[in-house]
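# Secondary and tertiary structure notes
As a plain string of letters, each chain reads:
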Amino acid sequence: MAYIVKYIKEFTDHEKIKEVCTKDIALGYKVKVFASPKKQCDIAMENVTFEYVDKPMEQAVKAAKELYAEKCQFYLKRAIYSVDPREYDFAEKIKELDYQEAQELSVNGFNGIKYDIFDLAKRSSVRLEVLSLGDSEPTVIKEVSGVGEKIIKSMSKDTDINVVTLTQVPDVKGLVYHIFKVLSDGDIYVDSVLLPAASKRIQDISFCIKGTDKETVEQLLLSRKNELGFSEIIIDDNVAKISVMGAGFHTQKGIVTRLLQILYENDINITTIFTSEVKISMVVDRCNADKAIRAIHRNLISQ
């Protein structure tokens, strides 16, 4: 008899838990449910085993691998959407994600599942399904071949960022390392570094930091200004970072051009753009962040 493994975050609705387990049993499965020790209940069902353990998500994925389970289901407070449904009424539930897309999403807007859980599922070749107890259709997370119908699957907005620019940094071997070493030693998280080609042996370096680190970063860098050699530090705190995520950016032509076109047609200027295989991030004026989210979602996700 095949297994289905479940992690259930909320145990307040016992009837819903019984209902989802009963459906699987009727289809001929055995069910193994993992939850936190703080979530124990008195539910008893034939062919259903409840285990209350520390790190229940991790244990559920490991059990799914050991039992060769058909799937591992995570029941959370809310499912995975294209944008935060608490903020945008046009949010759409995502039907399918690649592991890498899910990992990127876990650090860019969806905090229901940590990055390392998706990494474990990928390494274990475990198919994940994410849903809430009231959902009938899950978000499936698995190894996806190709990019599917939608290249862009989700978007996020980060308003707790500042863009730091160091001007006229000498193009000297090792200097960039020393700049970021100062920040690292000061426990500063740096994201999205823009390092253009040097012109006349100098260059401007831009990067994003958390808004709460603004004063600390300024103090750290100014205290070492002579050593680090930059001319000026400029910190823009009136910005937001819009990120779009989806597999296949590196194989699909024209994605960046299309994004820039949408922003141009909606009178939204971007100051910086960063790209990777599964994410494109753009820095815009904070007042235009929601406008950018709506325009991009309307044109590239809600088609």
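Okay, so let's go over this structure. Computed from a predicted model, the values in this text were never measured in an experiment. (Residues numbered from 1 in each chain as written. Predicted model: local features only at pLDDT ≥ 70, side-chain atom pairs only at ≥ 80, totals over all residues. Heavy atoms only, no water.)

Here the focus is helix H4 (residues 115-124). Taken residue by residue, H4 has Ile 117, Phe 118, Leu 120, Ala 121 and Ser 124 as its buried positions. Axial view of H4: buried residues confined to an arc of 160 degrees, hence all on one face. Directly after H4, the chain includes Ser 125, whose backbone phi takes a positive value near 55 degrees. (Buried < 20%, exposed > 50% of the residue type's maximum accessible area, 1.4 Å probe, protein only. Helix = DSSP H or I, 4+ residues; strand = E, 2+ residues; numbered from the N terminus. Arc of directions from axis to C-beta.)

The next thing to look at is the pairing of strand S1 (residues 3-8). Along any regular strand, the residues point their side chains to alternate faces of the sheet. Within S1, five of the six residues are buried, which leaves it mostly tucked inside the rest of the structure. In terms of strand pairing, S1 meets strand S2 (residues 30-35) through five bridges, oriented parallel. The residue of S2 that forms the bridge with Tyr 3 is Lys 30. Between the parallel elements S1 and S2, the chain passes through helix H1 (residues 14-26) in a crossover that is right-handed. (Pairing = 2+ DSSP bridges. Right-handed = clockwise from strand over helix to strand, strands pointing away.)

It is characteristic of soluble globular proteins that their nonpolar side chains tend to be buried jointly. Of all hydrophobic cores here, the largest spans 29 residues; its most connected members are Val 61, Cys 72, Phe 74, Ile 113, Leu 128 and Ile 141. The element contributing the most residues to this core is helix H2 (residues 56-66), with five residues. Not counting the four nearest positions on each side in its chain, Phe 74 is found in contact with Tyr 7, Met 57, Ala 60, Val 61, Ile 113, Ile 117, Leu 128, Glu 129, Val 130 and Leu 131. Met 155, Ala 240, Phe 249 and Ile 301 belong to the second largest nonpolar core, which has 25 residues in total. (Core = buried A, V, L, I, M, F, W, Y, C linked by side-chain atoms within 4.5 Å. Contact = heavy atoms within 4.5 Å.)

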